[in-house]
Amino acid sequence: MTDSWQECMNHCVEVTKQAGKIVREALEKDIAVMEKSSPTDLVTETDQRVEKLIISAIREKYPTHCFIGEESVAAGAPSVLSDAPTWIIDPIDGTTNFVHRFPFVSVSIGFTVNKEVEFGIVYSCMEDKMYTARRGKGAFCNGLPIKVSGQEDITKSLVLTEMGLKKDPEHFKTVMDNIQKILNVPVHGVRCPGSAAVNMCLVACGAADAYYHQGIYCWDMAGGAALVTEAGGVIMDITGGPFDLMSRRLIVASSPRVAQRIAQELTVFPCGRDDAP
Ligand code: IPD
């Protein structure tokens, strides 16, 4: 039987290559920066252009499919996940990195059916790394299989997170306190690379042992989620419960033990949902 989602994935890889080429070319030119919700929430003409290109190239082939894209949602489109085949798109994950040419900038696309991620593609543009994962078929970087470190000991782990939600002082304090708690476990170190999708790929290929975050969006998580699970890692809610793609929070790790240990340390704060009315 033909695997129609595999056909979608093959198309997605080609579209992501085109998108990545545009991002790489844009890095060679002047970058005009605009602000979205705050002076630290940035967008560029390239984010918008790349999202339009991705959606039109996919819609042309799959006109009945649904889309959730970061810039479309910023422009007022709904962000609701249904059972229908849905493409969840971040045209540039790591826009601040893009603006500064800090080398972790990615195009991230996750594809869901019945709210389950069927495949994920993350292209790390400056590193020229194409990460791909299809449910049940493994995870790859530039065609070569990748796997998580398998680390079970939190005290030997390198942990990734990000320092978002700077607007709300109470949340920001909790973010900082959480970083301190993780450092005090102790762990080998904490890093903030600046692209959620790349963070998940770093865990998927064993360069880091865990990543946690409260306050991101489904388009930051969908592509990378497939990479981590197909590379043998775990993905869960920040509380240690089941992962929910629309919950704006997650822990991914090389092993359930490391993930649960991180969950045990973290203070949870309300960060809303992607699908909140
Ligand atoms: C951002 C990145 C960053 C994370 C932010 C995200 P964007 O995505 O993933 O690592 O800290 O919360 O919004 O806005 O550059 O697509």
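What you see is a predicted model; the values in this text were computed from it and never measured.

Novice: Just checking my understanding: could you explain the site of the ligand for this structure?
Specialist: Close to the ligand lie 13 residues; Glu-70, Asp-90, Asp-93, Gly-94 and Thr-95 are nearest. One of the side-chain nitrogen or oxygen atoms of Asp-93 is found 2.7 Å away from an oxygen atom of the ligand. Thr-95 is positioned such that a nitrogen or oxygen atom in its backbone is 2.8 Å from an oxygen atom of the ligand. Take the shell around the ligand: its biggest share by element is three residues, from strand β4 (residues 86-93). Among the residues making up the shell around the ligand, the classes are represented as three nonpolar, five polar and five charged. Of the residues that make up the shell around the ligand, three or more belong to each of domain 1 (4-145) and domain 2 (154-265).

Novice: I keep staring at the sheet that holds strand β8 (residues 139-141) and nothing clicks. Help me out?
Specialist: Hydrogen bonds between backbone atoms are what pair the strands of a sheet, whose relative direction is either parallel or antiparallel. A sheet is described by the order of its strands in space; here seven strands give the open sequence β3-β4-β5-β6-β7-β8-β9, paired in mixed fashion. This sheet does not close on itself; its edge strands, each paired only once, are β3 (66-69) and β9 (144-145). As paired elements, β4 and strand β5 (residues 106-113) share six bridges and run antiparallel to each other. Counted as the bridge partner of Thr-86 is Thr-112 from β5. This element, helix α1 (residues 4-27), spans β4, β5, β6 (116-124) and β7 (129-134) of the sheet and lies at about 25 degrees to β6.

Novice: In this structure, what is going on with the packing of helix α6 (residues 196-204) against helix α7 (residues 218-230)? I would like to understand it.
Specialist: At a minimum axis separation of 8 Å, α6 and α7 run at an interaxial angle of 5 degrees. Taken together, the axes of α6 and α7 lie roughly parallel to each other. Judged by residue contacts, Ala-196, Ala-197, Met-200, Cys-201 and Ala-204 of α6 engage Asp-220, Met-221, Gly-224, Ala-225, Leu-227 and Val-228 from α7.

Novice: Where do I start with the nonpolar core in this structure?
Specialist: Residues Ile-88, Tyr-211, Leu-227, Leu-245, Leu-250 and Val-252 are the most contacted members of the largest nonpolar core, which totals 38 residues. Where this core is concerned, the elements lending two or more residues are β6, β7, β8, α6, α7 and β14 (249-253). When we break this core down by domain, the ones giving at least three residues each are domain 1 (4-145) and domain 2 (154-265). With near-sequence residues (within four places) excluded, Tyr-211 lies in contact with Leu-160, Thr-161, Glu-162, Ala-196, Asn-199, Met-200, Val-203, Ile-216, Leu-250, Ile-251 and Val-252.

Novice: Can you help me understand the environment of Val-234 in this one?
Specialist: Along the chain, Val-234 turns up in strand β13 (residues 234-236). Spatially, the C-alpha atom of Val-234 lies 13 Å from that of Leu-202, the residues being 32 residues apart in sequence. Val-234 has contacts with Val-228, Ile-251, Val-252, Ala-253, Ser-255, Pro-256 and Ala-259, leaving out every residue within four places of it along the chain.

Novice: Mind showing me how you'd approach the domain arrangement of the protein chain here?
Specialist: When the parts of a complex come together, some accessible area is lost, and that lost area is often used as the size of the interface. When its domains are assigned, the protein chain resolves into domain 1 (4-145) and domain 2 (154-265). Centre-to-centre separation of domain 1 and domain 2, based on C-alpha positions: 20 Å. If you look at the interface, domain 1 gives 38 residues, while domain 2 gives 21 residues. In total, domain 1 and domain 2 occlude about 2100 Å² of area from one another, counting both sides; carbon and sulfur atoms represent 71% of this. Together, Asp-93, Phe-104 and Tyr-131 form the three largest contributors to the area buried by domain 1 at its contact with domain 2, with a combined 22%. Connecting domain 1 to domain 2 are zero salt bridges. Taken together, the connections running from domain 1 to domain 2 amount to eight residue pairs in polar contact (both at pLDDT 80 or more). If you list the elements that add at least two residues to the side of domain 1 that touches domain 2, you get β3, α3 (70-74), β4, β5, β6, β7 and β8. For the side of domain 1 that touches domain 2, the leading source of residues is β6, giving six residues.

Novice: Looking at this structure, I do not really get helix α2 (residues 45-61). What am I missing?
Specialist: An α-helix turns once every 3.6 residues. As a result, residues three or four positions apart point the same way. In this model α2 runs 25 Å from its N-terminal to its C-terminal C-alpha over 17 residues, within 8% of the 24 Å that 1.5 Å per residue would give. Inspection of α2 places Thr-46, Asp-47, Val-50, Glu-51, Ile-54, Ile-55, Ala-57 and Ile-58 among the buried residues, and these make up the whole buried set. Looking down the long axis of α2, one finds its buried residues gathered within 165 degrees of arc, a one-sided arrangement. Across from the buried face of α2, at angles greater than 90 degrees, the exposed residues are Lys-52 and Glu-60.

Novice: How should the packing of aromatic side chains be read in this particular structure?
Specialist: Aromatic ring pairs are reported here in terms of the distance separating the ring centres and the angle at which the planes meet. Taken as a whole and assessed by the stated rule, the structure comprises seven aromatic pairs. Both rings, one in Phe-111 and one in Phe-119, keep their centres 4.8 Å apart while their planes meet at 15 degrees; by these two values the pair is stacked. The exposure class assigned to Phe-119 is buried, which follows from its relative accessible area of 0%. Both rings, one in Tyr-217 and one in Trp-219, keep their centres 5.0 Å apart while their planes meet at 5 degrees; by these two values the pair is stacked. Through successive ring pairs, a cluster of aromatic residues spans Trp-5, Tyr-62, Trp-87, Phe-111 and Phe-119. Sitting above the plane of the Tyr-217 ring, Arg-248 keeps its charged end 4.0 Å from the centroid.

Procedures and definitions
Residues numbered from 1 in each chain as written. Predicted model: local features only at pLDDT ≥ 70, side-chain atom pairs only at ≥ 80, totals over all residues. Heavy atoms only, no water. Near = heavy atom within 4 Å. Polar contact = N/O pair within 3.5 Å; in protein donor to acceptor, adjacent residues only side chain to side chain. Helix = DSSP H or I, 4+ residues; strand = E, 2+ residues; numbered from the N terminus. Nonpolar A, V, L, I, M, F, W, Y, C, P; charged D, E, K, R; others polar. Domains from an automatic or database assignment. Pairing = 2+ DSSP bridges. Contact = heavy atoms within 4.5 Å. Axes fitted to C-alpha atoms, helices over the stretch in contact; angles between N-to-C directions. Parallel < 35°, antiparallel > 145°, perpendicular 65-115°, else oblique. Core = buried A, V, L, I, M, F, W, Y, C linked by side-chain atoms within 4.5 Å. Buried < 20%, exposed > 50% of the residue type's maximum accessible area, 1.4 Å probe, protein only. Buried area = accessible area lost by both parts, 1.4 Å probe. Salt bridge = Lys/Arg side-chain N within 4 Å of Asp/Glu carboxyl O. Expected span 1.5 Å × (residues − 1). Arc of directions from axis to C-beta. Phe/Tyr/Trp six-rings, centres within 6.5 Å; stacked < 30°, edge-to-face > 60°. Lys NZ or Arg CZ within 6 Å of the ring centre and 35° of its normal.

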